[in-house]
Each structure stands twice: as C-alpha cells, then as structure tokens.
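Structural characterization, general
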Amino acid sequence: MAAKQDYYDLLGVSKTASEEEIKKAYRKLAMKYHPDRNPGNKDAEERFKLINEAYAVLSDPEKRKQFDTFGMGGFQQRYSEEDIFKGFNVGDLFKDLGFGGGDIFSMIFGRQGGGRTGRQQRQQSWDFGDYITRQQQQGAGSPGNLDLHYELEIPFMDSIHGAEKRITLTTHSGSEEVNVKIPKGISTGKKLRLKGKGNQGRKGERGDLYITMKVGEHPVFRRTGNDLYVTREVKITDALLGTVVEVPSIDGPKRVTIPPGVKSHSKVRLKGLGVPDQGGDEYVEVIIDIPKKLTDKQKKLLEELRGEGL
C-alpha cells in the first residue's frame, strides 16, 4: 500500500495552523480541484478526494490530535474510513462555494439523490485513496443483476482480532447502511457473503452482498499465510554468545532466547502465536546489527579477538 502524503502538506499549511487557516486553505483547494470545474480530469479528481480526507481529519480536534501524535502510518492503523469521515459534513461549505448544498459524498460515491439534476447526477465511482473503501456495483440499474460487490479495507489488527464495521451501500432504491461482522483471521482477498443485502428486484426478491476484504499493512507484523513475522536486531556479541530478547506478539511482549552463534536472517519460531484460531506461528527474524563506527577500545578488543583466531 503506497504511503499517503502528509495531511498538512496536502492542504499546504503548517502543523501549527489555526482552524481558520486550515478551513481557508481547504476552501481554496476545493475551489481549484472541484470536479465541476475539472470535468474529466482524473488528476484533479484524485487531488479533490485527498484534500477532503485531509480536511476531515484536520478540522476535527480529536482526529487532528491523534494524527499529530501517531503520524500518518499510526493514524491509519487506528482510524478506518468510517472513522475518518464520521460527522464530516461540508454541505454548507460547498453551498457557500457555489456548488450547491447537497451531500458531497453522495456525489463522490456516485449515489443518486432525489431532486438533483444535471452535473450533480453524474455517476462517478470514486474512492478516497489507498486506505478508503471502494464500492463497486455490478449491473447497477439492471434489474437482472441484483448482487452487489463491495471492497472493504480494514486495519491489520481488525483482521487478527475480528471487528464489526458499518458500511453504506448504494442500491437501486437508495442508500442503505449495513453492519458487517468481520471474523478473526480474515485475510486479503477473502470474501464475505451477506445474503439478501443486495438490490431488490421488481417482485421483491433480494440479491446478495459480496464483500472482498483488503487488509492494511502493519508497522511491526508481516503476515504470510497464517504465520506472523517480526524482525529483531541483536548486537554482534549477543549473536555470538546468545541472549534473551523481548519481542512483540499479538498476545503482548514475549521473551525469546537467541541461541549462541545465530546467523543474520535466521528465524526463531514461537509456536501457536500466529493468526488466532488458524494454527499459525510467529517467527522472529534475527538481524545482526553491525556498527558503522567503532571506538578505539572496541577496535583494540576486536584486534585481540582476531589474534585469537575469531
């Protein structure tokens, strides 16, 4: 997953910017990149989506505080797309800008709302960047295809421990919110089927909703199958003599014995500490830390060791 640009950089403001400065910067960029002013311009579409996400975070004091504390990577592990845009309503702001007061997200996600005409009724399938859910309808408007398909991206730890998400669908009859229970251990590419949550046919029958999962990256853990991997650096002397180190696991920190003479990139297995309920293990990849600079004393000691044949 490609890293996103810092929210402050996206809006062109400093980290000490006031609420009014952030709002002013957002208004200026919204005017510049709004799709009504850039018909068919994909770069402008993408920029418009990103500045909306940035403003949704920086205009909310609590979300801004969390972003300042954890940075982009840590923030995205803690906030799903539902969390980022929860309570974010720029209808009045866009009315002031001269683009109408309708629900901007209805337009962004290609939803059709009553009473909208002309350019507001364009159906555009947009997403808000790598971390934002992408909704894909197959045969929208076609009575013969009642199933809906939805791609949902979730934080790494939600895939490990399970979670419950609330998503918004666009069906033939309008918008509908659905609760999705995410089972423990789910991985990217897996699909969930919610029976009867698709479009409704003319005779009252309902199609199904198919949700394809996409799991976000984690700053510490890597997943391969049902196994989890972490890396741990050790000093040369610890690698030669052996040591005990503390490593993270999904159950909390664990003490691991590194055997004497371990080679760099060797793996130590922690049985049963992989993806829960899936029979996986955790593997600690040992990386030997070779210092770039040595003190005079360290050099002297190493010369003595070389003289001893080491």
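Look above for the structure.
The structure contained in this document is the topic of the report that follows. Nothing here was measured: the structure is a model prediction, and the numbers come from that model.

**Looking at the nonpolar core**
When a protein is soluble and globular, its nonpolar side chains tend to lie buried together. Judged by nonpolar contacts, the single largest core of 35 residues is most densely connected at Leu152, Ile167, Val180, Leu209, Ile211 and Met213. Not counting residues within four places of it along the chain, the set of residues in contact with methionine 213 comprises Leu152, Ile154, Ile182, Ile186, Ser187, Thr188, Gly189, Lys190 and Leu192. Within the second largest apolar cluster, 27 residues are counted, among which are Ala44, Tyr55, Phe75 and Tyr79.

**A short note on the sheet that holds strand E8 (residues 227–235)**
On the basis of which strands lie adjacent, the open sheet formed by four strands has the order E7-E8-E12-E11 and mixed pairing. Either end of the sheet is taken by a strand with one partner, and the two such strands are strand E7 (222–224) and strand E11 (267–270). Going across the sheet, the axis of each strand differs from the next one's by a mean of 35°, ignoring polarity.

**Thoughts on the environment of isoleucine 258**
By secondary structure assignment, the location of isoleucine 258 is in strand E10 (residues 254–258). You can call isoleucine 258 buried: its relative accessible area is 1%. In contact with isoleucine 258, not counting residues within four places along its chain, are Gly242, Thr243, Val245, Val268 and Val286.

**Regarding the pattern of salt bridges**
Going through the model one piece at a time under the given rule, you end up with nine salt bridges. Its salt-bridge partner being glutamate 176, residue arginine 206 comes within 3.4 Å of it at the nearest N-O pair. Of this pair, arginine 206 sits in the loop between strand E5 (191–194) and strand E6 (209–215) while glutamate 176 sits in strand E4 (residues 174–182); the two residues are 30 residues apart in sequence, bridging distant segments of the chain. Take arginine 206: its relative accessible area is 33%, and that puts it in the partly exposed class.

**Points about the pairing of E5**
What you see with E5 is a clean split: Leu192 and Leu194 sit on the buried side and Lys191 and Arg193 on the side with no burial. Of the strand pairs in this sheet, E5 and E6 are connected by four bridges, and their pairing is antiparallel. From the neighbouring strand, arginine 193 faces E6, where its bridge partner is tyrosine 210.

**Structural notes on the packing of helix H3 (residues 42–58) against helix H4 (residues 61–78)**
At a minimum axis separation of 9 Å, H3 and H4 run at an interaxial angle of 135°. Here H4 runs oblique to H3, going by the angle between their axes. Along its contact with H3, which presents Glu53, Ala56, Val57 and Leu58, the element H4 presents Lys63, Arg64, Phe67, Phe75 and Gln76. For the contact of H3 with H4, a count of residues per class yields five nonpolar, one polar and three charged.

The rules we used
- Residues numbered from 1 in each chain as written.
- Predicted model: local features only at pLDDT ≥ 70, side-chain atom pairs only at ≥ 80, totals over all residues.
- Heavy atoms only, no water.
- Core = buried A, V, L, I, M, F, W, Y, C linked by side-chain atoms within 4.5 Å.
- Buried < 20%, exposed > 50% of the residue type's maximum accessible area, 1.4 Å probe, protein only.
- Contact = heavy atoms within 4.5 Å.
- Pairing = 2+ DSSP bridges.
- Helix = DSSP H or I, 4+ residues; strand = E, 2+ residues; numbered from the N terminus.
- Axes fitted to C-alpha atoms, helices over the stretch in contact; angles between N-to-C directions.
- Salt bridge = Lys/Arg side-chain N within 4 Å of Asp/Glu carboxyl O.
- Parallel < 35°, antiparallel > 145°, perpendicular 65-115°, else oblique.
- Nonpolar A, V, L, I, M, F, W, Y, C, P; charged D, E, K, R; others polar.

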